[in-house]
Amino acid sequence: MSRLPFPGAYPITRMRRLRTDGWIRELVAEHRLAPSDLIWPIFVVDGDRRQPVESLPGVERHDLASAVEACRRARDLGIPAVAIFPMIDRALRSEDGAEACRAGNLVCRAVSAIKAAVPDIGIVVDVALDPFTSHGHDGVVRDGRILNDETIEILVRQAVVQAEAGADIVAPSDMMDGRIGAIRAGLDGAGRQDVKIMAYSAKYASAFYGPFRDAVGSTGVLVGDKKTYQMDSGNSDEAMREVELDLREGADMVMVKPGLPYLDIIRRVRDGFGVPTFAYQVSGEYAMMKAAAQNGWLDYDKALIEVLTAFKRAGAAGVLTYGAIDAAVLLG
């Protein structure tokens, strides 16, 4: 004799009922990914040329005309913003990265060209010296030490010229102490109070940045490592302190970088501060998926959407990803 209250009553709760068909799965989905959640990082280079980045399959360095067309396509696919990163000619690199502050530099010209042709797409610019320095560091180096305050003075000038070129968001990625407050004051003093700051608040010293350094021409340039200013991968409470300081200094948004290895940090920041928190699916993360797909080890399209959805589930307001175009096409 059955011990159930009545035949067929067990289990009373059947979780699979809400998975039986596509329409019900859509109806009860907790998190949704859309093109509007994405920021597309693009690389720009001087001259009339487009160059594939070998360590980032499917990614190119764009000349200015190509960059404009790429941004127009991103806009048409519903991607709200792009992030500009330059490959600077070695002859223009210097110990102090002075080219970063020149109003006519590659980044400023790219921003102006894109803004003129595609005014309704947001433009994020990197505030950091590593693409401009001869030693590959994000700051001024003296006697083997990265100088904090001297670097900040340069970063403020860099942010102002980028804003004057038309950048909508400046994104300091250097990890110098106090740079957010100084940049906010510099922008406001230049009459650019509406320019937003997306602070790379929790940026870790990571093994996942290699292909990016290829893309901006820094491979083989970097002297030493960046562990004296980027965070230790084992630290979580420190990330919260970094975020709190940046918000006090005027950051409008914060970022966690890299992304997938630090989903716990994204969740802690989002829950702890309730501010727009972004994730960067960095070059190494993207390249691993591409390489595995090329070897037939995974389905790139499915893996991309799954990972990007994981960022949303962890609490990210948006994601910087080299797969933004691919994802936007897949999402329709």
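See the structure printed just above.
Below you will find a few notes about this structure.

For the rest of this paragraph, the subject is the overall build of the protein. Tallying secondary structure elements over the protein gives eleven helices and twelve strands in all. Principal-axis analysis of the C-alpha atoms places the extent of the protein at approximately 85 × 40 × 40 Å. Within the protein, the proportion of its 332 residues that are buried is 51%. For the protein, the proportion of contacts with a sequence separation of at least 24, taken over those separated by at least 6, is 75%. Within the protein, the 46 negative side-chain charges are centred at a point lying 7 Å from the centre of the 39 positive side-chain charges.

Before going further, it helps to spend a moment on a negative patch on the surface. On the surface, D149, E150, E153 and D177 cluster together into a patch of negative charge. Note that D149 resides in helix α4 (residues 148–165).

Together, L18, W23, L27 and V28 give the surface a local cluster of nonpolar side chains, amounting to about 450 Å² of exposed area. Here L27 is to be found in helix α1 (residues 22–27).

To continue, consider the pattern of salt bridges. Oppositely charged side chains may form a pair once their charged atoms are brought near each other. By the definition in use, this model includes 18 salt bridges. The partner of D120 in a salt bridge is R75, with the nearest N and O atoms 3.0 Å apart. Note that D120 is positioned in the loop between α3 (106–117) and β5 (122–127) and R75 in helix α2 (residues 64–76), a separation of 45 residues in sequence. Of the charged contacts in the structure, one is a salt bridge between R102 and E99, with a shortest N-O distance of 2.8 Å. Take R102: its relative accessible area is 40%, and that puts it in the partly exposed class. According to the relative accessible area criterion, E99 is buried, its value standing at 10%. When salt bridges that share partners are traced, they join R75, D76 and D120 into one network.

Let's shift gears to unusual backbone geometry. Note the cis peptide between K257 and P258, where omega equals -5°. Mapping P258 onto the fold places it in the loop between β10 (253–257) and α8 (263–273). One non-glycine residue with positive phi stands out, namely D143, at about 55°. Take D143: it is sitting in the loop between β6 (140–142) and β7 (145–147). What makes D143 exposed here is its relative accessible area of 78%. Of note, M175 is a non-glycine position whose phi angle comes to about 70°, a positive value. Position of M175 relative to the elements: it lies in the loop between β8 (169–172) and α5 (179–189). We classify M175 as buried; its relative accessible area is 4%.

What follows covers the side chain of N105. Tracing the backbone shows N105 in the loop between β4 (81–87) and α3. Take N105: its relative accessible area is 1%, and that puts it in the buried class. Here the side chain of N105 touches C108 through a polar contact of 2.9 Å, landing on its backbone nitrogen. With sequence-adjacent residues up to four places away left out, N105 is seen in contact with E99, A100 and F132.

Next up on the list: the packing of helix α10 (residues 300–314) against helix α11 (residues 324–331). Axis separation between α10 and α11 bottoms out at 10 Å; the angle between their running directions is 95°. One finds that α10 runs roughly perpendicular with respect to α11. Residues Y300, D301, L304, I305 and L308 of α10 pack against D326, A327, L330 and L331 of α11. When its residues are assigned to classes, the contact of α10 with α11 shows seven nonpolar, no polar and two charged.

Cut-off values and rules
Residues numbered from 1 in each chain as written. Predicted model: local features only at pLDDT ≥ 70, side-chain atom pairs only at ≥ 80, totals over all residues. Heavy atoms only, no water. Helix = DSSP H or I, 4+ residues; strand = E, 2+ residues; numbered from the N terminus. Buried < 20%, exposed > 50% of the residue type's maximum accessible area, 1.4 Å probe, protein only. Contact = heavy atoms within 4.5 Å. Lys, Arg positive; Asp, Glu negative; His and termini not counted. Charge placed at Lys NZ, Arg CZ, Asp CG, Glu CD. Patch = residues over 30% accessible without salt bridge, like charges linked within 9 Å, V, L, I, M, F, W, Y side chains within 5 Å. Areas by Shrake-Rupley, 256 points an atom, 1.4 Å probe, with all protein chains shown as cover. Salt bridge = Lys/Arg side-chain N within 4 Å of Asp/Glu carboxyl O. Polar contact = N/O pair within 3.5 Å; in protein donor to acceptor, adjacent residues only side chain to side chain. Axes fitted to C-alpha atoms, helices over the stretch in contact; angles between N-to-C directions. Parallel < 35°, antiparallel > 145°, perpendicular 65-115°, else oblique. Nonpolar A, V, L, I, M, F, W, Y, C, P; charged D, E, K, R; others polar.

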